[in-house]
Amino acid sequence: MPLSAASPREPLHIRTVTCKGYLRDDGMWDIEGHLTDAKTYGFDNAHRGHVEPGNPVHDMWIRLTVDNDFQVRDAEAATDASPYSICPDITVNFERLKGLTIGPGWRKQIHARLGGAHGCTHLVELLGPIATTAYQTIHSAKARARREAQKADDDPRDQPRQESGRPR
């Protein structure tokens, strides 16, 4: 059910979060997150000068490569747009996620490695939906593979045949 009709209002800020899960050829999983923030009005920024309406204030990416046990095997972050010059410099710190397991204590472990000046608020926030996307991707793909394997096991063409050539 959609939301009720809104009161008259003016749009000012648009945040878009997109997360995608991929099965890699090597059996690992890539989970990617992309966050953008944009304003509907132009403004001046000390780092970037004038930012036109609709241009991203934040344009940030994360890719986690995880195994079947949800252990982070590789991590990469990138900042294409930000309001401060320091933002792109800390993306290398997201490699500190390597070795962590997505599951109980995930957020606590993230903050231990990327809290405060060691991380970026927006990229750290993006790790929440990335974790959810990892679960949705991996568990769903495993369930699909089990269903397909069961279907193949149930296929009468795959059953042993009697000498007459008929299935037993």
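The following refers to the structure shown. Keep in mind the model is a prediction, meaning the values are calculated, not measured.

We now examine the nonpolar core. Judged by nonpolar contacts, the single largest core of 28 residues is most densely connected at Ile62, Leu64, Phe94, Leu97, Ile102, Trp106 and Leu127. Residues in contact with Leu64, not counting those within four places in the same chain, are Trp29, Asp30, Ile31, Val72, Asp74, Ala75, Leu97, Ile102, Trp106, Leu127 and Ile130.

With 34 residues, helix α2 (residues 121-154) extends 50 Å between its outermost C-alpha atoms, agreeing within 8% with the 50 Å of an ideal straight helix rising 1.5 Å per residue. Taken together, the buried positions of α2 are occupied by His122, Leu123, Val124, Leu126, Leu127, Gly128, Ile130, Ala131, Thr133, Ala134, Thr137 and Ile138.

Let us look at the pattern of salt bridges. Tallied over the full model, the rule gives nine salt bridges. Glu125 serves as the salt-bridge partner of Arg15, at 3.1 Å between the closest nitrogen and oxygen. Residue Arg15 is found in strand β1 (residues 13-23), and its partner Glu125 is found in helix α2; the two are separated by 110 residues along the sequence. Classification of Arg15 by relative accessible area gives partly exposed; the value is 38%. Between Arg73 and Asp67 there is a salt bridge whose closest N-O contact spans 2.8 Å. Here the residues in one salt-bridge network are Arg15, Asp37 and Glu125, joined through shared partners.

Summarising burial for strand β2 (residues 29-39): nine of the eleven residues are buried, a large majority. Bridge analysis of β1 against β2 gives eleven bridges, and the strand direction is antiparallel. Bridge assignment links Gly21 to a residue of β2, and that residue is Ile31. Connecting β1 to the next strand, β2, in antiparallel fashion are five residues, including Gly27 with a positive phi near 90°.

Scanning the entire structure with this criterion turns up two aromatic pairs. Look at Phe70 and Tyr135: their rings are 4.6 Å apart centre to centre, the planes differ by 20°, and that puts the pair in the stacked class. Taken together, the positions of Phe70 in the loop between β5 (56-66) and β6 (72-81) and Tyr135 in helix α2 put the pair 65 residues apart, joining distant regions of the chain. Accessibility expressed as a relative area gives 33% for Tyr135, which makes it partly exposed.

Definitions and cut-offs
- Residues numbered from 1 in each chain as written.
- Predicted model: local features only at pLDDT ≥ 70, side-chain atom pairs only at ≥ 80, totals over all residues.
- Heavy atoms only, no water.
- Core = buried A, V, L, I, M, F, W, Y, C linked by side-chain atoms within 4.5 Å.
- Buried < 20%, exposed > 50% of the residue type's maximum accessible area, 1.4 Å probe, protein only.
- Contact = heavy atoms within 4.5 Å.
- Helix = DSSP H or I, 4+ residues; strand = E, 2+ residues; numbered from the N terminus.
- Expected span 1.5 Å × (residues − 1).
- Salt bridge = Lys/Arg side-chain N within 4 Å of Asp/Glu carboxyl O.
- Pairing = 2+ DSSP bridges.
- Phe/Tyr/Trp six-rings, centres within 6.5 Å; stacked < 30°, edge-to-face > 60°.

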